[in-house]
Structures are given as structure tokens and as C-alpha cells.
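Structure assessment
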Amino acid sequence: MTDPYINLTKEDARSILLMPDEELPKLLEAAYTLRKKHKGNMVSIHLLTNARSGNCSQNCAYCAQSGQAKTDIDTYELISCEKLLQDGYLVKEKKLARHCIGLSGIRFSDQEIVAFASEIKKLKKESHTPVCCSIGFLTKQQAMILKEAGVDRINHNLNTGRNYYPNICTTHTYEQRIANINMLKEMGFELCCGGIVGLGEKPEDVVDMLFEIGDLSPKAVPINFLIPIKGTALEHQSTAILTSEYCLKVLCLARLLNPRSDIRCAAGRELYLKGKEKWMFYAVDSVFASGYLTAGGESIDSTIKMIEEAGFEYCIEP
Ligand code: SF4
């Protein structure tokens with residue numbers, strides 16, 4: 001009998017997202033087979049530092065850092081090296097997998113990149129932890145400066161399906177995102193590329209996004225579930241679609257389409273998958289701890305406890 005979960009077409013993938021909840025156990029088993037084969041029972045934890053916050057020129061509808069959002073967040077230019085190092089030491093002390101560093105904004109001056117690269121150099125010298133940066137669109141020269149400073153992985157999410165993208169952002173295009181990713185990949189950066197579910201898109205948009213991500217062969221695929229933030233354009237977006245069953249189907253589909261990648265359950269896990277972590281880890285081998293860019297989250301110690309209670313192993317980096 002052929003496995004119904006291999007060589008999926010987009011129509012198969014859409015059917016998975018729309019399948020009755022009673023069929024979820026079979027889907028979880030299929031995801032777990034791949035997860036076990038490629039990742040064992042390990043779960044890695046990532047820490048996220050918001051290195052520059054707010055005042056962004058872009059209008060991403062979900063984002064509290066957009067200059068068009070009327071949110072009550074701390075806004076600041078590049079954080080101090082001390083604060084970045086503090087988080088770096090925490091990553092080292094807790095033996096977390098990677099230090100992820102996000103900067104609000106889409107374009108940076110060369111001086112800003114040079115200043116940031118000098119912080120990264122100090123961080124790498126002190127903490128020796130792997131670093132991933134989420135840093136908008138870079139020029140080739142800027143990307144090279146960061147590479148030389150020790151950044152080996154870049155996060156650049158697609159966020160949603162190509163057709164739905166104009167509904168969530170009109171200040172840049174999907175194509176610009178793909179072009180930036182391809183340039184970085186050609187330069188030898190590892191890619192972290194994921195998206196957000198619950199933006200008002202249809203299941204076929206999620207499918208389109210996951211297929212595009214699969215074509216880019218990322219090392220890591222962070223999947224966020226929308227937390228509507230007061231003051232953003234999606235403040236009143238219904239999250240009724242984000243049942244824990246639907247979220248699990250999305251995560252399983254991400255695993256089926258990207259069997260070797262780290263599938264990371266990012267923002268929204270504490271909200272939509274609380275108490276379902278055991279099932280989440282059937283597909284997912286990576287999570288964030290200690291919060292997200294502008295939203296709080298579960299602490300590192302309690303995340304480690306949650307992983308162990310779900311019957312999985314916290315992946316301690318050497
Ligand atoms: S997601 Fe990034 S580019 Fe979009 S508004 Fe937020 S900080 Fe700016």
C-alpha cells in the first residue's frame with residue numbers, strides 16, 4: 001500500500017489541513033516517523049533577542065513594530081552590546097541551540113551594519129554560540145560584513161502564501177523577499193524561513209507558503225500562530241481557525257514537506273497548543289523560550305520541564 005503522506009501534491013496538502021480531526025492521530029504518526037528518522041527525540045531551544053525595536057517603515061499587518069501600528073511597545077535603536085552579551089551568556093549557560101537576533105526595519109545603512117557587526121563579533125568571541133539574524137533586505141556587501149562577523153544563518157520568513165501576501169503587506173513584495181533569500185543562500189548563509197498562520201488566509205495559502213518554503217530548502221522552519229496585538233491592523237482578526245487540531249495539522253504538514261529541517265513552533269504555542277505539547281513534538285523538534293520579539297512566552301526552565309514531561313529530550317548543545 002502506498003503511503004498517503006509522501007510525494008504530496010498541493011491538493012493533498014490542502015486535504016490534510018481540511019481533514020476531520022478524528023484523522024489527526026494517523027497524520028501525527030506519519031509526521032513522527034519522519035521526525036524520529038531525522039531528529040530522533042531531541043528538541044532544541046532558541047532564544048530571541050529584539051536588537052532594534054519599532055519605528056519600521058513597513059506596514060506588515062500583524063507586526064507591533066510597524067510605524068503604522070498604534071502599539072505600546074518599547075522602541076529603540078540598536079541595543080547595547082551589554083544587553084546582547086547578557087542574552088548570549090544565557091544561551092551559553094543554558095546550553096541552548098542558537099541565539100536568534102531580530103532587528104526591526106527593512107533597510108539599513110552601511111554604518112548601521114558595521115556597528116551591528118561589531119556587536120556580533122564581541123558576542124561570538126564571548127559566548128561562542130551559533131547566531132541567526134533576522135535583518136530585512138541586505139545588500140551583498142552588508143551581508144558579507146555580517147558573515148565575516150560570524151553570522152552563519154539568516155532568518156527571512158515568507159510569512160504567508162504568495163497570493164495572499166498583498167493582504168498583509170503593501171510596502172514590499174513577496175518577490176523581494178525571495179530575491180533576498182536567494183542572494184543570501186548563494187553567499188553560503190544557512191536559511192531559516194517560516195511564516196505566520198491565522199492572518200485571515202485560506203488553507204490553500206498556507207499550502208502555497210509551505211511549498212515555497214520547501215523549494216528553498218531551509219535549515220529551519222519557524223511556524224508562528226497569530227497573536228493579534230492591540231494597535232496592529234490585525235488587532236481584531238478572528239483566530240477561530242487556530243484550534244489546537246488545526247495548528248497540529250499545519251505543523252505536521254510542515255514536517256511532511258520539510259522532513260530534514262528543524263520545524264520550530266514559534267509564537268502562539270503557549271496560546272494555542274498548551275497541554276498538547278506531546279502531540280506538537282510529534283512534528284516539531286525546536287521551540288523558542290523566553291518570549292518573542294514583542295510578546296512574552298514561557299521561561300527557559302519551564303520550557304525544558306515541558307519538553308521532558310512530554311517525553312522528549314532537551315537537546316544540549318556542545
Ligand atoms: S515584520 Fe519586519 S518589516 Fe514588517 S513591519 Fe515588522 S519589523 Fe517591519
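By convention here, each chain's residues receive numbers from 1 onward along its written sequence. Given that the model is predicted, a residue must reach a pLDDT of at least 70 before its local features are reported, and side-chain atom pairs must reach 80 or more before they are shown or counted; all residues, however, enter totals for whole chains, interfaces and linings. Each side-chain value is derived from all of the structure's non-hydrogen atoms; neither hydrogens nor water enter the calculation.

1. Some words on the site of the ligand
In plain terms, the rule: To be near a molecule or strand, a residue needs just one of its heavy atoms within 4 Å of it. In this classification, Asp, Glu, Lys and Arg are treated as charged, Ala, Val, Leu, Ile, Met, Phe, Trp, Tyr, Cys and Pro as nonpolar, and every other residue, Gly included, as polar.
By nearness alone, every residue bordering the ligand is listed as C56, Q58, C60, Y62, C63, S66, S104, G105 and I106. Per-class residue counts for the shell around the ligand are five nonpolar, four polar and no charged.

2. Describing the environment of R255
Spelled out, the test is: Every helix listed is a DSSP run of H or I at least four residues long, and every strand listed is a run of E at least two residues long, numbered separately from the N terminus. The cut-offs for exposure are 20% and 50% of the maximum accessible area for each residue type, with area from a 1.4 Å probe on protein chains only; residues under the lower value are buried, those over the upper are exposed, and the others partly exposed. Whether two residues touch is decided by their heavy atoms; if any such pair falls within 4.5 Å, the residues are in contact. As used in this structure description, the phrase polar contact means that two N or O atoms lie within 3.5 Å; if the pair is within protein, one of them must be able to donate a hydrogen and the other to accept it, and residues adjacent in sequence are counted only when both atoms belong to side chains.
Within the secondary structure, R255 is located in helix α9 (residues 244–257). Under the relative-accessibility criterion, R255 is labelled buried at 0%. In this structure, the C-alpha to C-alpha distance between R255 and V221, residues 34 residues apart in sequence, is 9.1 Å. Apart from the residues lying within four places of it in its own chain, the contact partners of R255 are A31, L34, R35, K39, R260, S261, I263, A283, V284 and D285. From its side chain, R255 meets the backbone oxygen of A283 in a polar contact 2.9 Å long.

3. Re helix α1 (residues 10–18)
For clarity, the threshold we go by: The arc under discussion is defined with respect to the helix axis, by the directions toward the C-beta atoms.
Taken residue by residue, α1 has A13, I16 and L17 as its buried positions. Buried positions in α1, seen along its axis, are confined to an arc of 95 degrees and lie on one side of it. Taken together, the buried residues of α1 touch α2 (24–39), α8 (203–215) and α9.

4. Some thoughts on the packing of α1 against α8
For the record, the criterion: Axes, fitted as lines to C-alpha atoms, cover a helix only where it is in contact. Angles between the N-to-C directions of the axes lie from 0 to 180 degrees. Should an angle fall under 35 degrees it is called roughly parallel, over 145 degrees roughly antiparallel, and 65 to 115 degrees roughly perpendicular, with every other angle called oblique. Each crossing gets its handedness from the near helix: less than a right angle anticlockwise from the far helix is left-handed, clockwise is right-handed.
In the contact formed by α1 and α8, the axes pass within 9 Å of each other and the chain directions differ by 125 degrees. Considered as vectors, α1 and α8 are oriented oblique to each other. Of the two elements, α1 crosses α8, and the hand of that crossing is right-handed. Contacts between α1 and α8 pair K10, A13, R14, L17 and L18 from the former with P203, E204, V206, V207, D208 and F211 from the latter. Its residues assigned to classes, the contact of α1 with α8 comprises seven nonpolar, no polar and four charged.

5. Side note on the UniProt feature "domain: Radical SAM core" (unreviewed entry) in the protein
Filter applied, for reference: UniProt positions are given in the numbering used here, feature names are shortened, and annotations may be inferred rather than shown by experiment.
Mapped onto this numbering, the UniProt entry annotates "domain: Radical SAM core" (unreviewed entry) at residues 38–260. Secondary structure across residues 38–260 comprises 39% helix and 16% strand; the distance between its end C-alpha atoms is 6 Å.

6. Side note on the UniProt feature "binding site: [2Fe-2S] cluster" (unreviewed entry) in the protein
Those residues carrying the UniProt feature "binding site: [2Fe-2S] cluster" (unreviewed entry) are C100, C132, C192 and R264 in this numbering. Taken along the chain, the residues just named run across 165 residues; in space they keep tight, none of their C-alpha pairs more than 14.0 Å apart. Residue contacts for C132: discarding those within four places in its chain leaves R98, H99, C100, I101, R153, I154, N155 and C192. Within the secondary structure, C192 is located in strand β5 (residues 190–192). Excluding its chain neighbours within four sequence positions, the residues that come into contact with C192 are C132, R153, I154, N155, H156, N157, A220, P222 and R264.

7. Brief notes about the nonpolar core
Here is the rule: Remark: nonpolar core denotes a set of buried residues (Ala, Val, Leu, Ile, Met, Phe, Trp, Tyr, Cys) joined through side-chain atoms within 4.5 Å.
One finds F225 and F281 to be the most contacted residues of the largest nonpolar core, which totals 74 residues. With ten residues, the single largest contributor to this core is α9. Not counting the four nearest positions on each side in its chain, F281 is found in contact with R35, V43, V287, M306, I307, A310 and F312. With 26 residues, the next largest nonpolar core counts L85, I113, I120 and M183 among its residues.

8. Digging into the packing of α1 against α9
Between two packed helices, what matters for the description is the angle formed by their axes and the separation of those axes. One can describe the packing of α1 onto α9 by two numbers: an axis separation of 8 Å at closest approach and a directional angle of 150 degrees. Accordingly, the angle class assigned to the pair α1 and α9 is roughly antiparallel. The hand of the α1/α9 crossing is right-handed. Two secondary-structure elements touch here, α1 through A13, I16 and L17 and α9 through Y246, K249, V250, L253 and L256. Grouping the amino acids of the contact of α1 with α9 by side-chain chemistry returns seven nonpolar, no polar and one charged.

9. A few points about the packing of aromatic side chains
Our working rule: Aromatic contacts are taken between Phe, Tyr and Trp rings whose centres are within 6.5 Å, Trp giving its six-membered ring; a plane angle under 30 degrees counts as stacked, one over 60 as edge-to-face, and the others as tilted. Both a distance and an angle decide whether a charge sits over a ring: NZ of Lys or CZ of Arg must be within 6 Å of the ring centre and within 35 degrees of the ring normal.
Following the criterion strictly, the structure yields five aromatic pairs and no others. Their ring planes at 50 degrees and their centres at 5.4 Å tell us that F281 and F312 sit as a pair that is tilted. On the criterion of sequence distance, the pair formed by F281 in the loop between α11 (277–280) and β9 (286–289) and F312 in the loop between α12 (300–309) and β10 (313–314) is long-range, its members being 31 residues apart. Judged by its relative accessible area of 0%, F281 is buried. Here F312 falls in the buried class, since its relative accessible area comes to 7%. Put simply, the rings of Y32, W279, F281, Y282 and F312 pair up and form one aromatic cluster. Lying across the ring of F288, R264 places its NZ or CZ 5.3 Å from the centre. Of note, K278 hangs over the ring of W279, and the distance from its end group to the ring centre comes to 5.5 Å.

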